[in-house]
There are 2 protein chains.
Amino acid sequence: MQGTDAPESNVDLLIVGAGPAGLMAAAWAAHTGIRTRIIDKRSTKIFTGQADGLQCRTLEIFESLGFADRVWKEANHMIEFSMWNPGPDGRLRRDDRVPDSPIGISRWHESVLHQGRIERFFLDNIAKYSKGHGNEFGVERGVLPLSMELDEGKVEDTDAYPVKMVVRHLDEEEASPEQSAKGNGVSDGLFRSNLAPDDTDELVRKTSGMEGREEVINAKYVIGCDGAHSWVRKQLGFHLEGEPTDYIWGVLDIVPITDFPDIRNRCSVHSESSGSLMVIPRENSLVRLYVQVNEVKPDAETGRADRSKITPELILKSAQKVLAPYTLEYKHCTWWTAYQIGQRVGTNFSKSERIFIAGDAVHTHSPKAGQGMNVSMQDTYNLGWKIAHVVQGKAPRSILKTYQSERRRVAQDLIAFDHKFSRLFSGRPAKDAADEAGVSMEEFKRVFKQGAMFASGLSVDYGRSMLIAKEGSAKEQGDGTEVDSAAAKVVGSQALCKNAPVGMRFPSHQVLNQSGARPWPFQMWLKSDGRYRVILFAGNVKKPEQRKRVDRWCEEAERDEGWLKRYTPAGAPVDSVVEILTIHSAPRVECNLLEDFPAILHPLRANDMGWDYEKVFVDDQSYHDGHGEAYKGYGVDPDKGCVVAVRPDGYTGYIGELEDVEGLGDYFSGCLLPARKAANGS
Amino acid sequence: MQGTDAPESNVDLLIVGAGPAGLMAAAWAAHTGIRTRIIDKRSTKIFTGQADGLQCRTLEIFESLGFADRVWKEANHMIEFSMWNPGPDGRLRRDDRVPDSPIGISRWHESVLHQGRIERFFLDNIAKYSKGHGNEFGVERGVLPLSMELDEGKVEDTDAYPVKMVVRHLDEEEASPEQSAKGNGVSDGLFRSNLAPDDTDELVRKTSGMEGREEVINAKYVIGCDGAHSWVRKQLGFHLEGEPTDYIWGVLDIVPITDFPDIRNRCSVHSESSGSLMVIPRENSLVRLYVQVNEVKPDAETGRADRSKITPELILKSAQKVLAPYTLEYKHCTWWTAYQIGQRVGTNFSKSERIFIAGDAVHTHSPKAGQGMNVSMQDTYNLGWKIAHVVQGKAPRSILKTYQSERRRVAQDLIAFDHKFSRLFSGRPAKDAADEAGVSMEEFKRVFKQGAMFASGLSVDYGRSMLIAKEGSAKEQGDGTEVDSAAAKVVGSQALCKNAPVGMRFPSHQVLNQSGARPWPFQMWLKSDGRYRVILFAGNVKKPEQRKRVDRWCEEAERDEGWLKRYTPAGAPVDSVVEILTIHSAPRVECNLLEDFPAILHPLRANDMGWDYEKVFVDDQSYHDGHGEAYKGYGVDPDKGCVVAVRPDGYTGYIGELEDVEGLGDYFSGCLLPARKAANGS
């Protein structure tokens, strides 16, 4: 009951739910500096989610936020995938081995690390960056949303706070975790064992002085990241579409004692007639087993299985049958659960582009492809910077529609992939070609190999919109949402940078710093700080004709109302909204930063910090780490170069000739709003 | 005045001084779990030391302790060294460029990061590992040593605490830092600016309740790491031998505003007649300049210069003259100082192998070669595990003599190098071949290139001793100390592992985990946990004859009184004193850990943790990261293999054939004491 004494305050962004999707949204808020709160009804970091798979793309994103190294150090890297199934004699044998992550697509490999560690790194990162913006915030735990209203009349008013949410700060008793024994009797482990030493602070419940009281929060934007049973989604009346399947799976996190040879490899194991399982080798000697449980069937009427019948002993017994004649036992089990695969996608991802839902709240599917946590985090990685840009007056509200067109389409593709993969994984291996009820192992292998690219997260290809300058139909390339505005008329020249498709994440190749010769994976400079980047492939600047082209391009960049300064607030550094990074192809030792590159490419920094030596790179041989072959890798002509615009989330938005300054200007006119040049204009 | 009420306690190791050398000693104590205290008379982490250069070898050591990644991320990596001197026209020009670190010797490059950050990482690491041993300790600040006595009658009694030190816990007033204005009037910067956000805790002085009181600490061992003016050294009456030189140098840490092209490269700049300078590009846009200051000369009588005459303005003016016609200005200076090069080495590094001195307390030299902090840390990296082994009853006291024989020799070599380098660096460039008073730039370049290997820290080659099984004279290869005992009669067979010289650090090549195919730089498995390692180059185990050799070797390793179990306490894991790591050369996919490798190579772990999958590696093609060519790299016959013993600090101690089990046993009989097999025998 909301009393008149409930305190009331305004915030740019209110995030409901502090799982990976919510934390990713909060990370953008921290890195861009918008006023943000993130609440979670649970009282401590103890949580139900137990995801662990990390795609290559997710690791790239973590790197752009600054904590991929922490993940990479602790995670188990999955290198090889082996497929086991019955041989002609019916005996289990290794049928094939393939690399788990496709070769050559990323510096990172698919990895596995407990969700609790990922959340730890997010929390540290959010604290650091939000503090850096003088706006420190962290997760507020034990805060339960009670009601949410949207004032539809104010949704287009950029200064308004049209969402009113009433929340209740739980008292000690209400906030006690109920996770160790769920209502349905399925216990899923000792959650406290998931808390690492550096989580100590989280065990001490922060008291806010608000315990037991209600509060009114007025928000410009809300993101519901509150899981499969999303309260936010229910308030909006949105639904998930799809059905559960017949397959029941158990999950065991154990330290295995076994003579199965591939227990430290990712494996699929199809037994002749006892079902299948998947092996996921994890950090700290743990192995996760996904095991098909045939003993428990879905109820004929409801289609739902009684999960309370499933025990760790039952799951182990099923696993032993699949793995026979190999043995499997364990003494240590850190967690276990059971689930029935359900594949569902939300009908709507937003209400009036003021309230958004993301992650498990809008898509559910099988965990075995290791996609769930990744796709959820990437939902809000797609959304967070867009909200920040609109809040900060940098971008028109129209860009917010691309969240649904881009991410709902990804969710649909994910469900289609999961559907195919789960069916092949759950089925009985075919005895021979005539055995149509069985699953062809050849087909399974083919789908797995195709799926590896999908599973890496690097095949995401966003459709045409004001943010993605490419050909085709915006509706067909997205989820049907209309995002094809007048501003989206510009089409990039893909042929100039063949291997960085517009709509996909801009790839990484090694380049050298022109000044200090240090080799860098170029992607390390695409930091998640909310800025667009224009990558000037300057070509061979030692050829006079090309140098002239570069000079002319730089003159345009320097123009007061040109494509760059038009969006830069008065008095702000020239690289504060769009940053120019240069990669040239002339021999490094023949060039000199100050002589061979116009000042706009290495601008004098504010506060008497001298020239910026970290914006001009070269594609050349390094002393210790070989040649990055970046021009070849990107597919750019090393003499003539080109210009690429990359979105704040690292996706290629536009490609053009150095002369096509108009195209570049048109592209940004759809993404950005001209800066208010008044003193308080930023 | 020590009252009878002064509390008294015992400790295995007492470290005096919490700079890099002291912290490295403390890191060993934390990783091995001996009872340790580390005191520093200064009240906060604010400090005078401003070293920043990190050798390849130092980074390897940091990796073995677990924090190289933190350094590598924040540090500036120095890739290229360029040499500037006057051309035939007298005008300054870049004469040559060379890689700063020799190519192919290490995954790490010479790097630069402020000493304060290094100390931060040590403090975190010490807290984590000492806590892991249930023995958490940290630096006790504001604790001043007052007196120290050694009971010579007890030095050979391993259970005794022969060193009695009285310390005084400073009160608030005494503990106030006096560093911002030294007695001689030379101010050297704002020290608080060196404290990073994660140092916040250090700003709050820890109160121990002992303020203003004295305490008696009885220690088994003491290490004095208390700097060039070492109190510990003075108590022992030991001296430094050597002389100051005539060269006066100024140091400026600035954000330069300049048109000098190589300001982000490490450079030497010799001007025609205005002296020379060195450029060290650092983290956070900083550049350190070492500038020769000719305006101030040493006093003819004392040989010492009046440093109070040197100001930042004077140093800048000198730098401007050297760099002309290029311009140099700055607005930000974070630190500056001036020094007169003095090259000195201590006469003794220990008193009765109970009190040791290390770091600046036993060697001083020019900072320009970036050696100081590195050699200091490596002193205690050499010593710490030896003390831990003796304290834990694993090793005889005789091994402690190797500290002086190994490290005093390194200090002597360092001084010789520094002498040559400094002279060439400080001199005026020769006008032509006839100009004998000038420095030949050709000679300078030659010495620099030769010196790069020395400066990497990877040329250290410890002499023959009970810990280093090689030919030659122990006295000649060391500093003259007698370390050639009966136990040191064994000589390794260098030819079996050509590229891992006995006495030098065991190098790193990429190998794959047999079970999971993950590529690892092999060195990552040589952790600083106090264990010796025996590396079994098992060769091609799929060849029956070689498999038999491996089986026989493993049988010996399993023998109750054999070279391994003889040193392993009853009930302790078989790998607790010496760990066997295997690298084989058969094709990975043809092998299976459990079938092809005897159990001793992947032993069942305690507490029902199953087989150890992290001890057997293979030299094979990886999926994503090429072929490590480890057998080729180490110079080992891929069919026959060999056996290498590596000391706890990563230095190669012994090499032998698989059949030479006696040699391996003889080697360890000099390093280790047979385990007491009683219940409390460890």
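Our subject is the structure listed above.
What comes next concerns the included structure. Computed from a prediction, not measured in an experiment: that's the story for all the values here.

Now for the overall build of chain A. The number of helices and strands found in chain A is 15 helices and 26 strands. Its C-alpha atoms give chain A a radius of gyration of 26 Å, within 12% of the compact-globule value 26 Å for 682 residues. If one aligns the C-alpha atoms of chain A with their principal axes, the spans along those axes are about 75 × 70 × 45 Å. Across the 682 residues in chain A, those meeting the buried criterion constitute 61%. Sequence-distant contacts, at least 24 apart, represent 74% of the contacts inside chain A between residues at least 6 apart.

A word on helix α2 (residues 56–65) of chain B. Residues and elements named next belong to chain B. The buried fraction of α2 amounts to 10 of the 10 residues, a majority that puts the element mostly inside the structure. Among the residues of α2, those classed as buried are Cys56, Arg57, Thr58, Leu59, Glu60, Ile61, Phe62, Glu63, Ser64 and Leu65. If you follow the buried residues of α2, they end up packed against α1 (20–32), β3 (53–54), α3 (68–74), β7 (111–112), α4 (115–132) and α8 (372–391). Following α2 by one or two positions, Gly66 adopts a phi angle in the positive range, close to 105°.

For the rest of this paragraph, the subject is the side chain of Ser422 of chain A. All names here are of chain A. Here Ser422 is to be found in helix α9 (residues 401–426). Classification of Ser422 by relative accessible area gives buried; the value is 2%. Excluding residues within four positions of it along the chain, Ser422 makes contact with Ile341, Gln343 and Ser366.

Moving on, we come to the relation of the copies chain A and chain B. By a simple turn and slide, chain A fits onto chain B: the slide is 0.0 Å along the axis, the RMSD is 0.0 Å, and the turn is 180°. On this basis, the relationship between the two copies can be described by a two-fold rotation axis. When C-alpha positions in chain A are compared against the rotation axis, the closest is assigned to Asp69 of chain A, at 3.8 Å. Here 100% of the contact residues of chain A are again contact residues in chain B; the copies associate through an equivalent surface.

Attention shifts here to the interface of chain A and chain B. Contacts between the two partners involve 48 residues from chain A and, on the opposite side, 48 residues from chain B. Where chain A abuts chain B, roughly 4100 Å² becomes buried across the two surfaces, and 51% of that area is made up of carbon and sulfur atoms. Ranking the residues of chain A by area buried against chain B places Arg518, Tyr623 and His624 of chain A at the top, with a combined share of 17%. Linking chain A with chain B are 6 salt bridges, by the criterion used here. One salt bridge in this structure joins Asp608 of chain B and Lys331 of chain A, with 3.8 Å as the shortest N-O distance. Across the chain A-chain B interface, the total number found is 18 residue pairs in polar contact (both at pLDDT 80 or more). Of all the elements in the fold, those that place two or more residues in the side of chain A that touches chain B are α3 (68–74), β4 (76–77), β6 (92–99), β12 (240–258) and β16 (328–346) of chain A. No other element matches the 4 residues that β12 of chain A contributes to the side of chain A that touches chain B.

Residue and element names in this part refer to chain A. Within the open sheet, the 3 strands sit side by side as β3-β7-β4. Their pairing is antiparallel. Of all strands in the sheet, those with a lone pairing partner are β3 (53–54) and β4, marking the two edges. In terms of strand pairing, β4 meets strand β7 (residues 111–112) through 2 bridges, oriented antiparallel. Pairing of His77 across the sheet is with Ser111, part of β7.

It is worth spelling out unusual backbone geometry at this point. All names here are of chain A. Each neighbour pair has its own omega, and for Ala324 with Pro325 the value is 10°, a cis peptide bond. Looking at the secondary structure, you find Pro325 in the loop between α7 (312–323) and β16. One non-glycine residue with positive phi stands out, namely Ser352, at about 55°. Counting through the fold element by element, Ser352 comes out in the loop between β17 (350–351) and β18 (355–357).

So, about the sheet that holds strand β23 (residues 578–584) of chain A. Residues and elements named next belong to chain A. Read across the open sheet, the 7 strands follow the order β21-β20-β24-β23-β22-β25-β26; overall the sheet is mixed. Each edge of the open sheet carries a strand with a single partner, namely β21 (519–521) and β26 (652–656). Recorded for the sheet is a direction-independent mean angle of 30° between the axes of neighbouring strands. In this sheet, strand β25 (residues 642–646) lies alongside strand β22 (residues 532–539) in antiparallel orientation, the contact comprising 5 bridges. Looking at β25, one finds that Val534 is bridged to Ala645. Those strands touched by helix α12 (residues 544–558) are β22, β23 and β25, and its axis lies near 160° from that of β22.

Moving on, we come to the packing of helix α8 (residues 372–391) of chain A against α9 of chain A. Residue and element names in this part refer to chain A. Between α8 and α9, the least distance of the axes is 10 Å, while the angle of their chain directions is 170°. With respect to α9, the element α8 is oriented roughly antiparallel. Contact residues: Val375, Gln378, Asp379, Asn382, Leu383 and Lys386 in α8; Thr402, Tyr403, Glu406, Arg407, Val410 and Leu414 in α9. Considered class by class, the residues forming the contact of α8 with α9 number 5 nonpolar, 3 polar and 4 charged.

What follows deals with the pairing of strand β22 (residues 532–539) of chain B. Residue and element names in this part refer to chain B. With 8 of 8 residues buried, β22 lies mostly within the body of the structure. Side chains Tyr532, Val534, Leu536 and Ala538 project from β22 onto one buried face, and the interleaved Arg533, Ile535, Phe537 and Gly539 project onto a second face that is buried too. For the segment spanning β22, helix α12 (residues 544–558) and strand β23 (residues 578–584), crossover handedness is right-handed.

Throughout the structure, instances matching the rule amount to 68 aromatic pairs over all chains. With 5.7 Å between their ring centres and 90° between their planes, Phe62 of chain A and Phe122 of chain A make a pair best called edge-to-face. Here the residue Phe62 of chain A occupies a position in helix α2 (residues 56–65), and Phe122 of chain A occupies one in helix α4 (residues 115–132), the gap between them amounting to 60 residues. Overall, Phe122 of chain A belongs to the buried group, its relative accessible area being 0%. Plain terms: the ring middles of Trp385 of chain B and Tyr532 of chain B are 5.9 Å apart, the flat faces sit at 90° to each other, and that makes the pair edge-to-face. Taken together, the residues Trp385 of chain B in helix α8 and Tyr532 of chain B in strand β22 connect sequence positions 147 residues apart. Here a set of aromatic residues connected by ring pairs shows up, and it is made of Phe81, Trp249, Phe417, Phe421, Phe425, Phe444, Phe448 and Phe454 of chain A. In this structure, Arg354 of chain A packs its charged tip against the face of Tyr221 of chain A, placed 4.5 Å from the ring centre. Over the face of the ring belonging to Trp520 of chain A we find Arg518 of chain A, whose NZ or CZ atom lies 4.0 Å from the ring centre.

Each value, and the rule that gives it
Residues numbered from 1 in each chain as written. Chains lettered and ligands numbered in written order. Predicted model: local features only at pLDDT ≥ 70, side-chain atom pairs only at ≥ 80, totals over all residues. Heavy atoms only, no water. Helix = DSSP H or I, 4+ residues; strand = E, 2+ residues; numbered from the N terminus. Rg over C-alpha atoms; globule rule 2.2 N^0.38 Å. Buried < 20%, exposed > 50% of the residue type's maximum accessible area, 1.4 Å probe, protein only. Contact = heavy atoms within 4.5 Å. Least-squares fit on C-alpha atoms with pLDDT ≥ 70 in both. Buried area = accessible area lost by both parts, 1.4 Å probe. Salt bridge = Lys/Arg side-chain N within 4 Å of Asp/Glu carboxyl O. Polar contact = N/O pair within 3.5 Å; in protein donor to acceptor, adjacent residues only side chain to side chain. Pairing = 2+ DSSP bridges. Axes fitted to C-alpha atoms, helices over the stretch in contact; angles between N-to-C directions. Parallel < 35°, antiparallel > 145°, perpendicular 65-115°, else oblique. Nonpolar A, V, L, I, M, F, W, Y, C, P; charged D, E, K, R; others polar. Right-handed = clockwise from strand over helix to strand, strands pointing away. Phe/Tyr/Trp six-rings, centres within 6.5 Å; stacked < 30°, edge-to-face > 60°. Lys NZ or Arg CZ within 6 Å of the ring centre and 35° of its normal.

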